[in-house]
Amino acid sequence: MWRGMKVASTMLLKMREIATWSKGFSEASWMLLACGCLSLMWARKWVRSKKERFPQGPLVLPIIGHMHLLMSLPHQALAKLGPKYGHLIGLKLGQQRCVVVSSPDLAKEFLVTHDKSFANRPPYGFTSVLLYGPENDLFFSGYGAPWRKHRKMCTLELFTAKRLQETEHVRQEEVGVLLQRISDLSRGGSAAIEVGECVAEMSTNLISRLLYSGPRVTSQKKDGENLPQLVKEMEQETAPFLGDFIPWLSWADVFRKRHMRKLHNRIDVVISGMLNERKQAMLQNSAPKGDFLHTLLSKEMAKSSQEDDVLTMNEIKSIMLGMLGGSIHTTSLTLEWAMAELLKNPHCLAKLQREIDTVLGKKDQITDADIPKLSYLRCVMKEVFRLHPVTPLLIPRFSTSECKVRNYTIPANTHLLMNTWAIGRDEQVWKNAAQFLPERFESKDIDVKGLNFDLLPFGGGRRICLGLPLGLSIVEVTLANLVNKYNWKLPVGETSASLNMDEMAGITANRAIPMKAVPKLRL
Ligand code: HEM
């Protein structure tokens, strides 16, 4: 501005000089001409700044920028900014740029048009302290050769339809154990049980059996350290350092780093022991063959000359931890929310039970093959995913090149948060968005596999959830069996209206109050 005024006054002086020998122009005409030139200069600058502008956001606080918005329930806090700043919001997290997206159209633009640029994860410091380095991790590695190798290997060898079929008996057995445990805990339908705790135990046992033929652990049995319990601790620590956003404050992370390193060492002792033991058993031909660990260790032991077909021990440890961490909490939390919604809306529970009875008759245990016949069950599941995506902001992405989105410029090294929670509750996208109405999906051809951008519980694009087929199968089959085997009621004193549906602070959408219900045998 001052520079502009200085330029304008110099121009005015020059013009006056010219005016002394120019007789045809009055003083006022020269003034007008000077103002015109100045306006032109400002207009040019304004157009250029418009062209290169970053999306708008609320007032930036000194030092922390907008980091305070991510403290408690970030997806809810960011959704509240929508009416004022629109569906593409620009934030400053300390010294880092971040964009928040909360509409299906924009989600498509980022996950399709600009997917390659945003296929990275932010280079968070904890990946080197808590995990086995950013390049080895399934969740947090950048979009490069190591990630592609791990992803391809897992997709082709662990998550194929054939593999899912071969391991169905494990899922069936663990669901059977869950149903029996519910019966024991409820003492014949007289006591309320903690639904989340029961399904978490089932998920833990199921996933550890699939991954490494792990022994069954129960919430009561707490002898020594076990991997699932350590992974739970690891999940609670999985958060960026302050120094990732404000580098000159990285000294403040020193205690967290120390704690993380200790946890990493405890995990390493357990996982290394498990891998070495298994390697020995494989050499002696006495190891279980059907689990994921067997497939991964075969790659390490084969010592193939093809770079793409070899895995190091650290890579295997990393893949195992990523899969344990990515599957147990996501599946059990989704099931807990599903049961909560069905108890809050008992007419939906009754309708689902009627569908199962009509389509399958009185069947003792529902299998994978039955699921495609249960159309209302799939609508219920989608409605649960819409209202309760367990990772409401997905997992942060990070751009590697500059992108133009609408008329904004998003520079390289920008974080991306995709607010799927806000999209799921947007009245412009979903009519009566706040209500639990599985029927809305009866006439809509929408699935959750990343191509319908109004429903993205597993994310989308190149970084879409790796375990989607397994995760979906676990939640659908388990929910079908829970409502088929039991009639569920709320504990005495609780009503559908009073059932609390609040979320607890955190990056995953945990229930603020654990879900309790009384199961009564139906079959
Ligand atoms: C209901 C169950 C599940 C839900 C809702 C879920 C959700 C998600 C979401 C939202 C992402 C981030 C996607 C993105 O950034 O676009 C993700 C990534 C991932 N999930 Fe899942 N997940 C589930 C089950 C599983 C299971 C069973 C496994 C493995 C056994 C798994 C493994 C992974 C992995 C490895 C990634 C990282 C993918 C990458 O960055 O390339 N998930 N999941």
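Conventions we followed
- Residues numbered from 1 in each chain as written.
- Predicted model: local features only at pLDDT ≥ 70, side-chain atom pairs only at ≥ 80, totals over all residues.
- Heavy atoms only, no water.
- Helix = DSSP H or I, 4+ residues; strand = E, 2+ residues; numbered from the N terminus.
- Buried < 20%, exposed > 50% of the residue type's maximum accessible area, 1.4 Å probe, protein only.
- Contact = heavy atoms within 4.5 Å.
- Areas by Shrake-Rupley, 256 points an atom, 1.4 Å probe, with all protein chains shown as cover.
- Pairing = 2+ DSSP bridges.
- Axes fitted to C-alpha atoms, helices over the stretch in contact; angles between N-to-C directions.
- Donors = N, O, S within 2.8 Å, 3.2 Å for Na, K, Ca; no water.
- Near = heavy atom within 4 Å.
- Polar contact = N/O pair within 3.5 Å; in protein donor to acceptor, adjacent residues only side chain to side chain.
- Nonpolar A, V, L, I, M, F, W, Y, C, P; charged D, E, K, R; others polar.
- Salt bridge = Lys/Arg side-chain N within 4 Å of Asp/Glu carboxyl O.
- Patch = residues over 30% accessible without salt bridge, like charges linked within 9 Å, V, L, I, M, F, W, Y side chains within 5 Å.
- Phe/Tyr/Trp six-rings, centres within 6.5 Å; stacked < 30°, edge-to-face > 60°.
- UniProt positions renumbered as here; feature names shortened; annotations may be inferred.
- pLDDT = per-residue confidence, 0-100.
- Core = buried A, V, L, I, M, F, W, Y, C linked by side-chain atoms within 4.5 Å.

Caption draft 1: Here's a closer look at the overall build of the protein chain. The secondary structure content of the protein chain amounts to 18 helices and nine strands. When each of the 523 residues of the protein chain is scored for burial, the buried share is 51%. Within the protein chain, contacts between residues separated by at least 24 positions form 72% of all contacts whose residues are at least 6 apart in sequence. Roughly 25,200 Å² of accessible area belongs to the protein chain as shown, and the carbon and sulfur atoms make up 58% of that amount.

Caption draft 2: Representation of the sheet that holds strand β8 (residues 486-489) in the model. Read from one edge of the open sheet, three strands run β3-β9-β8, paired in antiparallel fashion. Across the chains shown, the open sheet's two edge strands, defined by having one partner strand only, are β3 (193-194) and β8. Inspection of the sheet shows β8 paired to strand β9 (residues 516-521) by four bridges, in the antiparallel sense. Bridged to tryptophan 488 within β9 is proline 519. Lying over the sheet, helix α9 (residues 168-186) contacts β3, β8 and β9, oriented at roughly 50° with respect to β8.

Caption draft 3: Structural view of helix α5 (residues 104-113). Those residues of α5 lying buried are Pro104, Leu106, Ala107, Glu109, Phe110 and Leu111. Looking at the buried positions of α5, the neighbouring elements they touch are β1 (88-93), β2 (96-101), β4 (397-398), β5 (403-405), β7 (414-418) and α17 (420-424).

Caption draft 4: Spatial organisation of the coordination of the iron atom of the ligand. If you check the protein contacts of the iron atom of the ligand, you find one donor only, Cys465 (SG), at 2.3 Å. Following the sequence through the fold, cysteine 465 ends up in the loop between α17 and α18 (468-485).

Caption draft 5: Region of the structure containing the site of the ligand. Around the ligand lies a shell of 26 residues, among which Arg121, Arg151, Arg397, Arg463 and Cys465 are the nearest. Interatomic distance of 3.4 Å between a backbone N/O atom of glycine 460 and an oxygen atom of the ligand. Those elements giving two or more residues to the shell around the ligand turn out to be α7 (145-157) and α14 (313-344). Among the residues forming the shell around the ligand, the class breakdown is 12 nonpolar, 10 polar and four charged.

Caption draft 6: Here's a closer look at the pattern of salt bridges. Following the criterion strictly, the structure yields 26 salt bridges and no others. For the salt bridge of glutamate 383 with arginine 440, the shortest nitrogen-to-oxygen distance reads 3.1 Å. Of the two residues, glutamate 383 is situated in helix α16 (residues 375-387) and arginine 440 in the loop between α17 and α18; the sequence distance between them amounts to 57 residues. On the basis of relative accessible area, glutamate 383 is assigned to the buried category, the value being 0%.

Caption draft 7: Representation of a nonpolar patch on the surface in the model. A grouping of Leu59, Leu61, Ile63, Ile64, Trp248 and Trp251 is seen on the molecular surface, where their side chains present a nonpolar patch of about 690 Å² in accessible area. Relative to the helices and strands, leucine 61 is located in the loop between α2 (27-51) and α3 (74-79).

Caption draft 8: Up close: the environment of glycine 57. Relative to the elements of secondary structure, glycine 57 occurs in the loop between α2 and α3. Along the sequence, glycine 57 and leucine 88 sit 31 residues apart, while their C-alpha atoms lie 8.8 Å from each other. Those residues in contact with glycine 57 that lie beyond four places of it in its chain are His66, Tyr85, Ile89 and Gly90.

Caption draft 9: Local environment of the sheet that holds β4. Pairing within the open sheet is mixed, and its four strands lie in the order β1-β2-β7-β4. What marks the edges here is a single partner per strand, and that holds for β1 and β4. Of the strand pairs in this sheet, β1 and β2 are connected by six bridges, and their pairing is antiparallel. Within β2, the position partnered with leucine 88 by the bridge is valine 101.

Caption draft 10: Quick look at the packing of aromatic side chains. Here the structure, examined in full by the defined rule, presents 11 aromatic pairs. Where tyrosine 124 meets phenylalanine 245, the ring centres are 6.4 Å apart and the plane angle is 65°; that geometry is what we call edge-to-face. Of this pair, tyrosine 124 sits in the loop between α5 and α6 (126-129) while phenylalanine 245 sits in the loop between α11 (227-237) and α12 (254-283), placing them 121 residues apart in sequence. You'll find tyrosine 124 and phenylalanine 245 in the same group, each marked buried. Here the aromatic rings of phenylalanine 126 and phenylalanine 140 are separated by 5.1 Å at their centres, their planes lie at 85°, and the arrangement is edge-to-face. With phenylalanine 126 in helix α6 and phenylalanine 140 in the loop between α6 and α7, this pair connects stretches of sequence that are 14 residues apart. On the basis of relative accessible area, phenylalanine 126 is assigned to the buried category, the value being 1%. On the accessibility criterion, phenylalanine 140 (13% relative accessible area) is buried.

Caption draft 11: A look at the UniProt feature "binding site: heme" (unreviewed entry) in the protein chain. What UniProt calls "binding site: heme" (unreviewed entry) maps, in this numbering, to Cys465. By relative accessible area, which is 30% here, cysteine 465 ends up partly exposed. Those residues within four positions of cysteine 465 in sequence are excluded, and the remaining contacts are Arg151 and Phe458.

Caption draft 12: View of the confidence of the model for the protein chain. Mean pLDDT for the protein chain: 90, with 88% of residues reaching 70 or above. Per-residue pLDDT stays below 50 along residues 18-22; that stretch engages in three contacts with residues further than four places along the chain or on separate chains. Scored by ipTM, the complex comes to 0.99, with pTM at 0.89.

Caption draft 13: Expanded view of the nonpolar core. With 121 residues, the main nonpolar core has Leu227, Met320, Met323, Leu342, Leu479 and Trp488 as its most contacted residues. Of the residues forming this core, the biggest block, 16 residues, is contributed by α14. In this structure leucine 479 touches Leu335, Ala338, Met339, Leu342, Leu377, Val380 and Met381, once residues within four positions along its chain are discounted. Val101, Ala107, Leu394 and Tyr408 belong to the second largest nonpolar core, which has 19 residues in total.

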